[in-house]
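A closer look at the structure
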Amino acid sequence: MFETQEIVNIAVNNLLTQVKRLAQEKYRIVQISCTQIQENFSLDYTFDKDGKFYGIRISIPVAAATLPSISGEIFAAFLYENEIHDLFGIKFSGLVLDYGGNFYRIEKKTPFRTTTETTETKE
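Residues numbered from 1 in each chain as written. Predicted model: local features only at pLDDT ≥ 70, side-chain atom pairs only at ≥ 80, totals over all residues. Heavy atoms only, no water.

1. Examining the overall build of the protein
Our working rule: Helix numbering and strand numbering both begin at the N terminus, where a helix is a DSSP run of H or I of at least 4 residues and a strand a DSSP run of E of at least 2. A radius of gyration in this sense is built from C-alpha atoms; the matching globule rule multiplies 2.2 Å by the number of residues raised to 0.38. With a 1.4 Å probe rolled over the protein chains alone, any residue whose accessible area is under 20% of its type maximum counts as buried; one over 50% counts as exposed, and the rest are partly exposed. Charge counting treats Lys and Arg as positive and Asp and Glu as negative, with His and both chain ends excluded. Where a charge sits is defined by one atom per residue type, namely NZ (Lys), CZ (Arg), CG (Asp) or CD (Glu).
Within the protein one finds two helices and six strands. Going from N to C terminus, the protein has its helices and strands arranged as β-α-β-β-β-β-α-β. Against the 2.2 N^0.38 benchmark of 14 Å for 123 residues, the protein shows a C-alpha radius of gyration of 15 Å, consistent with a compact globule. Scored against the burial criterion, the 123 residues of the protein give a buried share of 37%. Each charge class in the protein can be summarised by its mean position, and for the 13 positive and 16 negative side chains these summaries are 3 Å apart.

Put into structure tokens, the structure is as follows:
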């Protein structure tokens, strides 16, 4: 039997408020995933408390790919945010530990971003 997992769509400007509430309620971060769907990025933040999952979904335009970092509220998120930055090119403002685009040593910059910008190679 599977438990239902609540996933709520929120606006970017509500992200930090929602994460702060979850942190205060003792939720832990499970994962942050990202995918590009046409001209938008879809990010899913999954949290867990006592074996129950809660998800937050955000959609942002590829052209304005900037989000506030949640690492100030949930420190471990810096890993996911640095990874997403390197693979998709999304910038996270306020990262507590920012690898500056060097979290991964990869040949192709932002390899999972499906726009023409991905033709750059890392020097």
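2. Thoughts on the side chain of Ser69
Going by this rule: In protein, a polar contact requires one atom able to donate a hydrogen and another able to accept it; more generally it is a pair of N or O atoms within 3.5 Å, and residues adjacent in sequence count only if both atoms are side-chain atoms. Contacts between residues were defined by any pair of non-hydrogen atoms, one from each residue, lying within 4.5 Å.
Mapping Ser69 onto the fold places it in the loop between β5 (66-68) and α2 (77-88). Within polar-contact distance, the side chain of Ser69 engages the side chain of Ser71 at 2.6 Å. Apart from residues no more than four positions distant in its own chain, Ser69 is found in contact with Leu16, Glu81, Phe92, Ser93, Gly94 and Leu95.

3. Considerations on the pairing of strand β3 (residues 40-49)
Applied cut-off: By the convention used here, strands pair only if DSSP detects at least 2 bridges between them.
Counting buried positions along β3 gives eight out of 10 residues, so the element sits mostly inside the fold. Across nine bridges, strand β2 (residues 28-37) lies against β3 in antiparallel orientation. Residue pairing across strands places Arg28 opposite Asp48, the latter belonging to β3. What sits between β2 and β3 in their antiparallel hairpin is a turn of two residues, with Gln38 showing a positive phi close to 55°.

4. A few points about helix α1 (residues 15-24)
Since the α-helix packs 3.6 residues into each turn, any two residues three or four apart lie on the same face. Note the following rule: Each direction from the helix axis to a C-beta atom contributes to the arc, which is the arc of those directions.
Where α1 is concerned, the buried positions are Leu15, Val19 and Leu22. The buried residues of α1 all sit within an arc of 60° when viewed along its axis, so they share a single face. The exposed residues of α1 that point more than 90 degrees off its buried face are Thr17 and Gln24. Next to the buried residues of α1 lie β3, β4 (52-61) and β5. Lys26 lies just past α1 and shows a positive phi near 70°.

5. Brief notes about the sheet that holds β2
Paired through their backbone hydrogen bonds, the strands of a sheet run either parallel or antiparallel. Applied cut-off: The axes used here are C-alpha line fits, helices contributing only the stretch in contact, and every angle between their N-to-C directions lies in the interval 0 to 180 degrees.
Across the sheet, four strands lie side by side as β1-β4-β3-β2; this open sheet has mixed pairing. In this open sheet, the two strands that pair with only one neighbour each are β1 (6-9) and β2. Here the strands of the sheet are splayed against their neighbours by 20° on average, with no regard to which way each runs. α1 contacts β3 and β4 of the sheet and is inclined by roughly 165° relative to β4. Of the strands in this sheet, β2 and β3 are in contact with α2, which crosses β2 at around 15°.

6. Here's the deal with unusual backbone geometry
One non-glycine residue, Asp50, adopts positive backbone phi at about 55°. Positionally, Asp50 belongs in the loop between β3 and β4.

Remember that the coordinates give geometry; whether it matters functionally is a separate question.
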